[in-house]
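If you want the building blocks of each chain, they are given just below.
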Amino acid sequence: MAGRDSRSPNERVCPGVVEPGTNVLVLAAGDDAPGDVCTDLCADDGSPGDVLLVECSRDPVDCLDKLAAHSASGRKRLVAVGDDAELRTTRPRIEAKPIPDPTDLSTLGITISEFLGGSSDGGTTVCFHSLTDLLDRASLERVFRFLHVLTSRVDAADAVAHYHLDPASHSVRDVKTIAALFDATVDRFDGEWVLDRAE
């Protein structure tokens, strides 16, 4: 993985560097990754038609505000995992869905798949924040199976999805196990965020 060994990074993260149908693992502790990394991982010009934010830890209201400010031209949806409060929004083109049980990976997968299935012509970007929170609530085996199916659906939908993971919160072995499911990883290298494509 870039930044954690002696290999040179494949390329610096910049807008449009990731093609549709790509799943990317972002190795960042908490909110360490700057916000523009998420934007730069978008397909095409960095302004996808549809945006889906799957949030497992941050305040859902703050996430709705961020979605409202996003430049996406199509649908925007927030899936708040583990939030048992009723989410309401009157913002145009923004949907909000709570999944109170954070261990209900089946409902989570169905919800994401439904959004991917109704994508507009402008493409779809998914931000999953974060896998570390998911792994705090479910076993590595369950999360691995969930991601195996989800990454395949992202690929089939020609979407771009990136998933945040705090490498300091997991063993090297577990990080490598999860990383094997992804087309590329993003990590810090010499002070920059870089993309390392899987071989």
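Residues numbered from 1 in each chain as written. Predicted model: local features only at pLDDT ≥ 70, side-chain atom pairs only at ≥ 80, totals over all residues. Heavy atoms only, no water.

A. Structural context of the overall build of the protein. Looking only at helices and strands, one finds 6 helices and 9 strands in the protein. Counting every position in the protein, which comprises 199 residues, the buried fraction comes to 48%. Put simply, of all contacts in the protein between residues at least 6 apart along the chain, 71% involve residues at least 24 apart. For the protein, the computed accessible surface area is about 9200 Å², with 47% contributed by carbon and sulfur atoms. (Helix = DSSP H or I, 4+ residues; strand = E, 2+ residues; numbered from the N terminus. Buried < 20%, exposed > 50% of the residue type's maximum accessible area, 1.4 Å probe, protein only. Contact = heavy atoms within 4.5 Å. Areas by Shrake-Rupley, 256 points an atom, 1.4 Å probe, with all protein chains shown as cover.)

B. Spatial organisation of the nonpolar core. Membership of the largest hydrophobic core comes to 33 residues, with the highest contact counts inside it found for Leu108, Phe128, Leu131 and Tyr163. Sequence-distant contacts of Tyr163, that is, excluding residues within four places in its chain, are made with Asn23, Val24, Leu25, Val26, Phe128, Leu131, Leu147, Leu150, Thr151, Val154 and Phe182. In terms of nonpolar packing, the next biggest core, distinct from the first, is built from 13 residues, Val24, Ala28, Val160 and Leu195 among them. (Core = buried A, V, L, I, M, F, W, Y, C linked by side-chain atoms within 4.5 Å.)

C. Representation of helix 6 (residues 172-179) within the structure. Buried within helix 6 are the following residues: Val175, Ile178 and Ala179. End-on, the buried residues of helix 6 take up no more than an arc of 100°, which puts them together on one face. Away from the buried face of helix 6 by more than 90 degrees, exposed residues Arg173 and Lys176 are located. Contacts made by the buried residues of helix 6 are with strand 2 (22-27), helix 4 (131-137), helix 5 (140-156), strand 7 (160-165) and strand 8 (184-189). (Arc of directions from axis to C-beta.)

D. Focus on the packing of helix 3 (residues 105-117) against helix 5. Remark: helix 3 packs on helix 5, axes separated minimally by 10 Å, with the N-to-C direction vectors making an angle of 10°. It follows that helix 3 is roughly parallel to helix 5 by the angle criterion. Contacts from Leu105, Leu108, Gly109, Ile112, Ser113 and Leu116 in helix 3 reach Arg142, Val143, Phe146, Leu150, Arg153 and Val154 in helix 5. In terms of residue class, the contact of helix 3 with helix 5 is built from 8 nonpolar, 2 polar and 2 charged. (Axes fitted to C-alpha atoms, helices over the stretch in contact; angles between N-to-C directions. Parallel < 35°, antiparallel > 145°, perpendicular 65-115°, else oblique. Nonpolar A, V, L, I, M, F, W, Y, C, P; charged D, E, K, R; others polar.)

E. Spotlight on the pairing of strand 4 (residues 76-81). With respect to burial, strand 4 is a largely interior element, 6 of its 6 residues being buried. The alternating pattern of strand 4 places Lys76, Leu78 and Ala80 and Arg77, Val79 and Val81 on opposite faces, both of which are buried. Where strand 3 (residues 50-55) lies against strand 4, 5 bridges are found, and the strand directions are parallel. Bridging from a neighbouring strand, Leu53 pairs with Leu78 of strand 4. Each parallel crossover has a hand, and the one from strand 3 via helix 2 (residues 60-69) to strand 4 is right-handed. (Pairing = 2+ DSSP bridges. Right-handed = clockwise from strand over helix to strand, strands pointing away.)

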